[in-house]
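Structural overview
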Amino acid sequence: MNTKDNIGTEISKTGILMDLDTSELMVIWSLRHCVSCSITGEDPKDLFKLCFEQHQLPDISALIEEVVYGIGEGTDDKGPIGAELCDHVHYGEFKVLEALYKLQNDKYEDANSSLHDYLKPNQARSTYKILNAFAAILERVNLIIPSRKQYSSDRYTH
């Protein structure tokens, strides 16, 4: 049986944070920056502008904020999204990357199921819808979440 702790340990052993693709780094940094700004009171759009310009993305800061909100409200886990300088992938970040990977590879039911296994029903439903849009926008600008065994595993995380 594979628990959240086992998957977190597996990810840290494989050095996934050091091995992240540009698309994965952008997603994690965006989530973390949004959380940080909610604490400091800064406007996340100021720093997002540079990221959006660099990758020719439309302003998707509202989507990112909604994903952060959905995860924060949908789980009882402490710290599902890490601080900006954190050196490992948190479980909420992993679940977002996993869902984005599945959505970009047309595994809609798997992504939906994964989020429903992790989040409370209302937050899972809205986060799934938001991540659908997010995945399509990332794919359109060639920010593809790469294949990883952790994203495509059939193992249950709970």
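For the structure itself, look to the data block above.
Description of the structure in this document. (Residues numbered from 1 in each chain as written. Predicted model: local features only at pLDDT ≥ 70, side-chain atom pairs only at ≥ 80, totals over all residues. Heavy atoms only, no water.)

Observations regarding the packing of helix α3 (residues 44–55) against helix α4 (residues 61–74)
- For the pair α3 and α4, interaxial distance at closest approach is 10 Å and the crossing angle is 120°. Judged by the inter-axis angle, α3 sits oblique to α4. Between α3 and α4 lies a crossing of right-handed hand. Here Pro44, Lys45, Phe48 and Phe52 of α3 lie close against α4, whose contacting residues are Ser61, Ile64 and Glu65.
- Taken together, the residues of the contact of α3 with α4 sort by class into four nonpolar, one polar and two charged. (Axes fitted to C-alpha atoms, helices over the stretch in contact; angles between N-to-C directions. Helix = DSSP H or I, 4+ residues; strand = E, 2+ residues; numbered from the N terminus. Parallel < 35°, antiparallel > 145°, perpendicular 65-115°, else oblique. Left-handed = near helix turned anticlockwise from the far one by under 90°. Contact = heavy atoms within 4.5 Å. Nonpolar A, V, L, I, M, F, W, Y, C, P; charged D, E, K, R; others polar.)

Describing α4
- Taking 1.5 Å as the rise per residue, α4 with 14 residues should run 20 Å; its terminal C-alpha atoms sit 20 Å apart, in good agreement.
- The complete set of buried residues in α4 reads Ser61, Ile64, Val67, Val68, Gly70, Ile71 and Gly74.
- Where α4 is buried, its residues meet α2 (22–40), α3, α5 (91–104), α6 (108–118) and α7 (121–140). (Expected span 1.5 Å × (residues − 1). Buried < 20%, exposed > 50% of the residue type's maximum accessible area, 1.4 Å probe, protein only.)

Focus: the packing of α4 against α7
- Relative orientation of the contacting elements α4 and α7 amounts to 150°, with a least axis distance of 9 Å. The angle between α4 and α7 places the two elements in the roughly antiparallel class. By crossing handedness, the relation of α4 to α7 is classed as left-handed. Seen from α4, the contacting residues are Leu63, Ile64, Glu66, Val67, Gly70, Ile71, Glu73 and Gly74; seen from α7, they are Gln123, Thr127, Ile130, Leu131, Ala133, Phe134 and Ile137.
- In terms of residue class, the contact of α4 with α7 is built from nine nonpolar, four polar and two charged.

Overview of α3
- Helix length check: α3 (twelve residues) gives 17 Å between terminal C-alpha atoms against 16 Å at 1.5 Å per residue, within 8%.
- Along α3, the residues classified as buried are Pro44, Phe48, Cys51, Phe52 and His55. Taken around the axis of α3, the buried residues stretch over an arc of 100°, which confines them to a single face. Away from its buried face, by an angle of more than 90 degrees, α3 presents the exposed residues Asp46, Leu50, Glu53 and Gln54.
- Structurally, α3 contributes buried residues whose contacts are with α2 and α4.
- A positive phi of about 55° marks Gln56, the residue just after α3. (Arc of directions from axis to C-beta.)

Quick look at the packing of aromatic side chains
- All chains considered together, the criterion is met by four aromatic pairs.
- Taken together, a centroid distance of 5.8 Å and an interplanar angle of 35° make the contact between Tyr101 and Tyr151 tilted. Here the residue Tyr101 occupies a position in helix α5, and Tyr151 occupies one in helix α8 (residues 149–152), the gap between them amounting to 50 residues. Considered together, Tyr101 and Tyr151 belong to a single accessibility category, that of buried residues.
- Ring pairs connect the aromatic residues Tyr91, Phe94, Tyr101, Tyr118 and Tyr151, which therefore count as one cluster. (Phe/Tyr/Trp six-rings, centres within 6.5 Å; stacked < 30°, edge-to-face > 60°.)

Topic: a negative patch on the surface
- On the surface, a cluster of negative charge is made up of Glu42, Asp43, Asp46, Glu65, Glu66 and Glu84.
- If you trace the backbone, Glu42 turns up in the loop between α2 and α3. (Patch = residues over 30% accessible without salt bridge, like charges linked within 9 Å, V, L, I, M, F, W, Y side chains within 5 Å. Areas by Shrake-Rupley, 256 points an atom, 1.4 Å probe, with all protein chains shown as cover. Salt bridge = Lys/Arg side-chain N within 4 Å of Asp/Glu carboxyl O. Lys, Arg positive; Asp, Glu negative; His and termini not counted. Charge placed at Lys NZ, Arg CZ, Asp CG, Glu CD.)

Some words on the environment of Gln150
- Among the structural elements, Gln150 can be located in helix α8.
- Each C-alpha atom of the pair Gln150 and Glu98 lies 7.8 Å from the other, and the pair is 52 residues apart in sequence.

Considerations on the environment of Ile71
- Its place among the elements puts Ile71 in helix α4.
- A relative accessible area of 2% means that Ile71 is categorised as buried.
- When the C-alpha positions of Ile71 and Leu115 are compared, they lie 9.5 Å apart, and in sequence the two are 44 residues distant.
- Leaving out residues up to four positions away in the same chain, Ile71 has contacts with Pro80, Ile81, Gly92, Val96, Tyr118, Leu119 and Thr127.

Any link to function would need more than the numbers given here.
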